[in-house]
Amino acid sequence: MTDAAKTPSLADLRAEIDRIDETMHRLLMERSEIIDRLVQVKRTQTEGSAFRPAREASMMRSLVERHHGLLPLDTVESIWRVIIATFTYVQAPYSVHADLSVGEPLMRDSARFHFGFTAPFVPHMGARAVVEAVAASRGDLGLLPAAMVPGSDAWWTALEGVTAPKIIARLPFVERADHPAGLPVFVVSHPIADAAVTEVSTFSVRVAGWSARAAAAVATHAEVLAVADGALDGAALLVSVRGTDGGTVQDVLRQSGASVRSFIPVGSHAAPYRFGMDSAGIARP
Ligand SMILES: O=C(O)C(=O)C[C@]1(C(=O)O)C=C[C@@H](O)C=C1
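Residues numbered from 1 in each chain as written. Predicted model: local features only at pLDDT ≥ 70, side-chain atom pairs only at ≥ 80, totals over all residues. Heavy atoms only, no water.

1. Remarks on the packing of helix α7 (residues 212–219) against helix α8 (residues 247–255)
Relative placement of two packed helices is described by the angle separating their axes and the distance separating the axes.
Then comes step 1: Relative to each other, α7 and α8 sit at 155°, their axes nearing to 9 Å. Relative to α8, the element α7 is oriented roughly antiparallel. With respect to the hand of their crossing, α7 and α8 are arranged in right-handed fashion. Between α7, through R213, A217 and V218, and α8, the contact on the second element is made entirely by V249, V252, L253 and Q255.
Then comes step 2: Residues of the contact of α7 with α8, tallied by class, amount to five nonpolar, one polar and one charged. (Axes fitted to C-alpha atoms, helices over the stretch in contact; angles between N-to-C directions. Helix = DSSP H or I, 4+ residues; strand = E, 2+ residues; numbered from the N terminus. Parallel < 35°, antiparallel > 145°, perpendicular 65-115°, else oblique. Left-handed = near helix turned anticlockwise from the far one by under 90°. Contact = heavy atoms within 4.5 Å. Nonpolar A, V, L, I, M, F, W, Y, C, P; charged D, E, K, R; others polar.)

2. Focus on helix α5 (residues 104–115)
Then comes step 1: An ideal rise of 1.5 Å per residue puts 16 Å on 12 residues; α5 measures up with 16 Å between its terminal C-alpha atoms.
Then comes step 2: Against the buried residues of α5 lie α4 (73–91), β1 (96–99), β2 (121–124), β3 (141–145), β4 (166–171) and β6 (185–189).
Then comes step 3: In the stretch just after α5, G116 is the one whose phi turns positive, near 70°. (Expected span 1.5 Å × (residues − 1).)

3. Description of the packing of aromatic side chains
Then comes step 1: What the rule picks out here adds up to six aromatic pairs.
Then comes step 2: Taking the centre distance of 5.6 Å and the plane angle of 75° together, the rings of W155 and W156 count as edge-to-face. For the pair W155 and W156, a shared accessibility class is recorded, and that class is buried.
Then comes step 3: A connected cluster of aromatic rings, assembled from ring pairs, spans F51, Y89, Y94 and F115.
Then comes step 4: Just above the ring of F115 sits the side chain of R81; from NZ or CZ to the centre is 5.9 Å. (Phe/Tyr/Trp six-rings, centres within 6.5 Å; stacked < 30°, edge-to-face > 60°. Buried < 20%, exposed > 50% of the residue type's maximum accessible area, 1.4 Å probe, protein only. Lys NZ or Arg CZ within 6 Å of the ring centre and 35° of its normal.)

Structure below.
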């Protein structure tokens, strides 16, 4: 056999690509038929948003664990985010309300990476406006920075009421050092008791006697956003702890001289899946 006979031509290779593209397209259409059936099952269980963060977190983890080869993980993750977000949208249309006070490019990149272009993007200036828009909607999602933004107030107090929106996810599901939409954001929606994932629980906390000592002590047990609240040494905190029990954090606050005025659950989410990082979040090769 000659070399020319062994080496596939460009046309042969393109024919292979066409075959694979067609298979992928047919599989996506087959997926949409399953979603069609799933809608009927889910409609009987809940109203409003079709977003199921526990399921999505586990799907994204499997995707990362399965992935290998030349195709960058960023690309695979973004393709599946668009697939899942779009199939969520076709089940029940929703808008994504986003707080731009952290900067429009960062927030828009996050919204588009995680929810694609099918769900409308609705910009707001300030986290409270996002929470209000979600509360007034039938099943919209809100995106809020999961880090302190200079000048921000304690927006999470707007999540305290029983029927108020709650934190249901933290994105990205897959954290890594060079993530193209790496801004940590909370997703808020109407409460979704049946689909909530409680690997991390979030609490809106009011304390008196807030101090550098209290802040250092609590930081060893929880992630904390803090703003001054009222006169003197009051503070409003958004505390994120592993599991569902906030008791240890309350004990630590008291032992460090703070008094806990209120400690109210405001949602929960999946633990971030740290790909290529050690437990301290340091990137590893
Ligand atoms: O599993 C579900 O409940 C679905 O609605 C399907 C699906 C998906 O496209 O895979 C879509 C939305 C949910 O957030 C999770 C997954």
